[in-house]
Amino acid sequence: MKNSHINKVIFAGAGPGAPDLITLRCLSAIKDADLIIYAGSLVNPEILKYAKKNSKTIDSSGMTLSEIISEIKKAWEKKQKVLRLHTGDPAIYGAIAEQMTELDKLKIPYEIIPGVSSVFAAAAEIKSELTTPGTSQTVILTRTSGKTPVPQGQELQKLAQHKATLAIFLSTPFISKITNELICGGYDKNTPVAVIYKASWADQKIIRGNIANIAKKIKKANINRQAIILVGDVLNKKKWQKSKLYDPEFSHNFRNKITSSKAKLISLSSNTNKFKGKIAIFTITKTSLNTAKKITQNKNHCKIFAPQKLKKYCNKSIILYKELGKTLKENWKKFDAFIFIMAAGIVVRYISNLITEKTIDPAVVVCDQYGNYAISLLSGHIGGANRLAEDIAALLNGQPVITTATDNCRIIAFDEMASRENYKIINPKLIKKFNVMLLENKKIAIHLPKNIFDKYYSKNKNLKYITNCSLVNRKNYSGLVTTKKIKIKIPQLIIKKNEQSK
Ligand code: SAH
């Protein structure tokens, strides 16, 4: 570092809150400092434990600018090391400009250590990229006017016209005003919004919704100022497109074409095979009932079940039940899928006696009552629960939770392919064995209609399309996927077209 012998006042970003999200440079500034003035409202006091014993720490939250500058000046004149700690990164709403102006006047030198801004901690916590191709390549960091007015031309309504990703600081108390301005500015009311309260802190909260419903949700959750509002289609996973950077068909200066078989396999997110079939939605509280109503608005063939105590919130089409277990049992065979809007534990206990086997069990998806998560619990492939969980999560702007290994490796399992194409697996006991072969990159011969092979497997070099089964043997293949059993001792997964479609 240049002029390191000069005693400079240090402005440092202390990150979003988690003590292990400060930079190493900030940590050594804390260890070195004689005086630390920190923004107590958002800087985690935990990090002050790294300060040396005889250092002095002052919380600036109740101080004026001139009081802060006077403390800095006094210490600096005594040749003490002064550290001014700001939340996140000091360059964003850190009010360091006015402090630097005063220090310039006093000819006190200073430097700045950047930090992890809360906007990036928030994006990390909701597992989002803020710049996904096809949705937004621009992020606007902004706020609404509070005590500090926003200059003309930078009102949310104007910024909304860009349809960029918005990160709105300092503004949660004005959420209703914000959503109105966004709609007036041209955002669709279904545009996803995530509000992240105290990102990276132990008491962090994440509220997801859309422009139309987020105000209600965050008022209910009693979220105050220490939250950031993220808005934009980038929060909708369904709209994510692949970047060119890691496209196997695209080489750039640093990398030749990728040859990884995984990269070449068909992407699950391109799945347009929506779940088809009759769905029962079981609710137990008023909030879960509202979530169920949101689902049925967008889906046909859904029947809602609600406890009798919620009668006054139910129209005639909703079925009221006295005992969940009994009603569930009576309806278990009547539906293709069940969505339970309640804790997963309750569901596991109720369905455990009703489950029989993979090929006939219905799809089961569990949702928390706010629709933050849609968990595929049972019959992920054949029953279609994985697809249903993805559908539901997209509808509710939540996160699908899919645990089947093939899906997580972005491979379409054979039972999933069969279900999508309305085929039936004749010997389902072998499904697991074949899916393990897929995961382990074993060579498998595929004797299925060419269009199906092309759609799902043509890019996987371990899967070979064959027209003549007699050429298949144990030496060259670990298994055969076929519509007709052949007389060779090799594991064969036999798949037949369903005569009756659901
Ligand atoms: N310099 C800071 C922002 C300071 S302004 C940064 O880079 O993050 C204070 C505002 O930042 C708060 O009103 C809130 O909108 C946001 N903020 C700061 N820390 C936050 C956190 N941990 N989680 C969510 N929002 C946070």
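Numbers given for residues are sequential positions, taken from 1 along each chain in its written order. Per-residue local features are limited, in this predicted model, to residues with pLDDT of at least 70; the limit for side-chain atom pairs, both in listing and counting, is 80 or more; totals at the level of whole chains, interfaces and linings are taken over all residues.

> Account for the site of the ligand, with residues named and values stated.
Around the ligand sit 25 residues in total, of which Gly88, Tyr93, Ser117, Ser118 and Ala199 are the nearest. Take the shell around the ligand: its biggest share by element is 3 residues, from helix 4 (residues 118-125). Here the nonpolar group is Ala, Val, Leu, Ile, Met, Phe, Trp, Tyr, Cys and Pro; Asp, Glu, Lys and Arg are the charged ones; every other residue, Gly included, is treated as polar. Partitioning the shell around the ligand into residue classes produces 13 nonpolar, 9 polar and 3 charged. When residues are assigned to domains, the shell around the ligand turns out to be shared by domain 1 (9-116) and domain 2 (119-239), each giving three or more. By definition, a residue lies near a molecule or strand provided its backbone-derived C-beta atom is within 6 Å of it. Secondary structure elements are taken from DSSP: a helix is a run of H or I of four residues or more, a strand is a run of E of two residues or more, and numbering for both begins at the N terminus. An automatic or database domain assignment supplies the start and end points of every domain.

> Any details on the sheet that holds strand 7 (residues 165-169)? Residues and values, ideally.
Pairing between two strands is assigned when DSSP locates at least 2 bridges connecting them. The strand order 6-7-10-8-9 describes an open sheet built from 5 strands, whose pairing is mixed. Of all the strands in the sheet, just strand 6 (139-143) and strand 9 (205-210) have a single pairing partner and so form its edges. Within this sheet the neighbouring strands show an average axis-to-axis angle of 20 degrees, counted without direction. Direction of pairing for strand 6 relative to strand 7: parallel, over a ladder of 5 bridges. Residue Ile140 lies in a different strand from strand 7, and its bridge partner there is Leu166. Each axis is a line fitted through C-alpha atoms, and for a helix only the stretch in contact is used; angles between axes span 0 to 180 degrees, taken between their N-to-C directions.

> Go over helix 4 with me, naming the residues and quoting the values.
Counting buried residues in helix 4 gives 6 out of 8 residues, a clear majority hidden from the surface. For the exposure call, what matters is how many other C-beta atoms sit within 10 Å of a residue's own: 20 or more marks it buried, 12 or fewer exposed, and in between partly exposed, using C-beta atoms placed from the backbone. Turning to helix 4, its buried residues are Ser118, Val119, Phe120, Ala121, Ala122 and Ala123. Two residues qualify as being in contact provided that their C-beta atoms, derived from the backbone, are within 7 Å of each other. Its buried side turned inward, helix 4 meets strand 6, strand 7, strand 8 (192-197) and strand 10 (227-231). Trailing helix 4 by a residue or two, Lys127 shows a phi angle of about 50 degrees, which is positive.

> Explain the domain arrangement of the protein to me, using residue names and the numbers behind them.
Domain parsing of the protein yields domain 1 (9-116), domain 2 (119-239), domain 3 (272-403) and domain 4 (414-497). Its C-alpha centre places domain 1 at a distance of 28 Å from the equivalent point of domain 2. At the interface, 8 residues of domain 1 touch 11 residues of domain 2. Looking at the side of domain 1 that touches domain 2 residue by residue, the class counts come to 7 nonpolar, 1 polar and no charged.

> Could you give an account of helix 1 (residues 24-32), naming the residues involved and the relevant values?
Buried within helix 1 we find Cys26, Ala29 and Ile30. Looking straight down helix 1, one finds that the buried residues subtend no more than 100 degrees of arc, so they occupy a single side. Opposite the buried face of helix 1, at more than 90 degrees from it, the exposed residues are Leu24, Ser28 and Lys31. As for helix 1, its buried residues are in contact with strand 1 (9-13), strand 2 (35-38), strand 4 (82-86) and strand 5 (110-113). What the arc measures is the spread of directions leading from the helix axis to the C-beta atoms.

> Tell me what's going on with the nonpolar core, and back it up with residues and numbers.
The term nonpolar core refers to a set of buried Ala, Val, Leu, Ile, Met, Phe, Trp, Tyr and Cys residues connected through C-beta atoms within 7 Å. If you look at the biggest cluster of nonpolar residues, it comprises 63 residues, and the most contacted ones within it are Ala12, Ile36, Leu83, Val195, Ile228, Ile229 and Leu230. Residues from two domains meet in this core; each of domain 1 (9-116) and domain 2 (119-239) gives at least three. Core analysis: the second largest hydrophobic core is formed by 36 residues, Ile318, Cys367, Ala374 and Leu396 among them.

> Please give an account of the sheet that holds strand 21 (residues 479-482) that cites residues and values.
Judged by pairing direction, the sheet is mixed, and its 5 strands sit side by side in the order 18-22-21-19-20 without closing on themselves. One side of each edge strand has no neighbouring strand; the edge strands of this open sheet are strand 18 (423-425) and strand 20 (463-465). Put simply, the sheet's adjacent strands are angled 20 degrees from each other on average, direction ignored. Bridge count for strand 19 (residues 444-447) against strand 20 is 3 bridges, and the pairing is parallel. Looking at the pairing, Ala445 lines up with Lys464 of strand 20. Docked against the sheet, helix 15 (residues 431-439) engages strand 18, strand 19, strand 21 and strand 22 (492-497), running at close to 115 degrees with respect to strand 21.

> Please set out the confidence of the model for the protein residue by residue, giving values where relevant.
You can read pLDDT as the predictor saying how much it trusts each residue, on a scale of 0 to 100. Confidence along the protein averages 89 in pLDDT terms, with 92% of residues attaining 70 or more. Across the protein, the element-wise mean pLDDT spans from 30 in helix 8 (residues 261-264) up to 98 in strand 5.

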